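A structural walkthrough
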Amino acid sequence: QQQVKQSPQSLIVQKGGISIINCAYENTAFDYFPWYQQFPGKGPALLIAIRPDVSEKKEGRFTISFNKSAKQFSLHIMDSQPGDSATYFCAAKWGGGSNYKLTFGKGTLLTVNP
Amino acid sequence: NAGVTQTPKFQVLKTGQSMTLQCAQDMNHEYMSWYRQDPGMGLRLIHYSVGAGITDQGEVPNGYNVSRSTTEDFPLRLLSAAPSQTSVYFCASRTATRASENEQFFGPGTRLTVL
């Protein structure tokens, strides 16, 4: 199954709060899990990524938590800001060599209220 | 570097018309791809290319053609547009080395409406 299931579909958080977006997968061959951030009218851009041999990766206010046994990973945005309002996509890499592909979750629209 | 550029930004077509969405990158990336984004559907891969002269189908290729004559350009052709092809189209590129952490760069998108 080359699917990644993402939830919630939309999320509203107050400024300063924690935003949490979850993703789950079935294919244990996935070996790289990036998150993309997309602002309205723009293309997605890489935000942060993790390998499955690491349980957590933190970059500033953004943290990925990875649970290999449960086949789940999540994005945590600490101290959420209105500027974080965007659509977030989780993704998973599959396929070998240079011809690998990314399969994307369906996206989460995050709104951070001031 | 301009990165990944796409033209046009917006396009309205009538059913049955044909058109080409342009994509170019100046990063010398071997791998280029086209995605479509629909509400609640995420990003779905249409076609991709691992180098000049090499293309292959993605998840939703029907109704679309591609070619790759140069490293820089990867146009997407709609031969006979249908309302189901109303979407936002994104072109992306990355290097084709074996490393996992090859960031995929996306263009700004083309919003296509088929009436």
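The rules we used
- Residues numbered from 1 in each chain as written.
- Chains lettered and ligands numbered in written order.
- Predicted model: local features only at pLDDT ≥ 70, side-chain atom pairs only at ≥ 80, totals over all residues.
- Heavy atoms only, no water.
- Patch = residues over 30% accessible without salt bridge, like charges linked within 9 Å, V, L, I, M, F, W, Y side chains within 5 Å.
- Areas by Shrake-Rupley, 256 points an atom, 1.4 Å probe, with all protein chains shown as cover.
- Salt bridge = Lys/Arg side-chain N within 4 Å of Asp/Glu carboxyl O.
- Helix = DSSP H or I, 4+ residues; strand = E, 2+ residues; numbered from the N terminus.
- Pairing = 2+ DSSP bridges.
- Axes fitted to C-alpha atoms, helices over the stretch in contact; angles between N-to-C directions.
- Disulfide = S-S within 2.5 Å.
- Buried < 20%, exposed > 50% of the residue type's maximum accessible area, 1.4 Å probe, protein only.

In this section: a nonpolar patch on the surface. Residues Ile 18, Ile 20 and Met 78 of chain A make up a contiguous nonpolar surface patch of roughly 250 Å² in combined accessible area. Mapped onto the fold, Ile 18 of chain A is located in the loop between strand 2 (10-14) and strand 3 (19-25).

Let us look at the sheet that holds strand 6 (residues 56-59) of chain A. All names here are of chain A. Spatial ordering of the open sheet is given by 1-3-8-7-6, a layout of 5 strands whose pairing is antiparallel. The sheet is open, and its two borders are formed by strand 1 (4-7) and strand 6, each paired with just one other strand. With direction set aside, neighbouring strand axes in the sheet form an average angle of 15°. As judged from the 6 bridges shared by strand 3 and strand 8 (residues 72-77), these two strands associate in the antiparallel manner. Across the sheet, the residue bridging to Asn 22 is Ser 74, located in strand 8.

Okay, the state of the cysteines next. Applying the stated criterion across every chain yields a total of 2 disulfides over all chains. The side chain of Cys 23 of chain A participates in a disulfide bridge whose partner is Cys 90 of chain A; the two sulfur atoms lie 1.9 Å from each other. The S-S bond linking Cys 23 of chain A to Cys 90 of chain A shows a torsion near -95°; that makes this disulfide left-handed. Placement of Cys 23 of chain A in strand 3 and of Cys 90 of chain A in strand 9 (residues 86-94) is noted, with a sequence separation of 67 residues between them. Across this residue pair, the class does not change: Cys 23 of chain A and Cys 90 of chain A are buried. Through a disulfide, Cys 23 of chain B is tied to Cys 91 of chain B; the S-S separation comes to 1.9 Å. On the S-S bond that ties Cys 23 of chain B to Cys 91 of chain B, the torsion sits near -70°, and the link is left-handed. With Cys 23 of chain B in strand 3 (residues 19-25) and Cys 91 of chain B in strand 9 (residues 87-94), the pair connects residues that are 68 residues apart, well separated along the chain. Cys 23 of chain B sits in the buried class, given a relative accessible area of 2%. In this structure Cys 91 of chain B comes out as buried when scored by relative accessible area, which is 0%.

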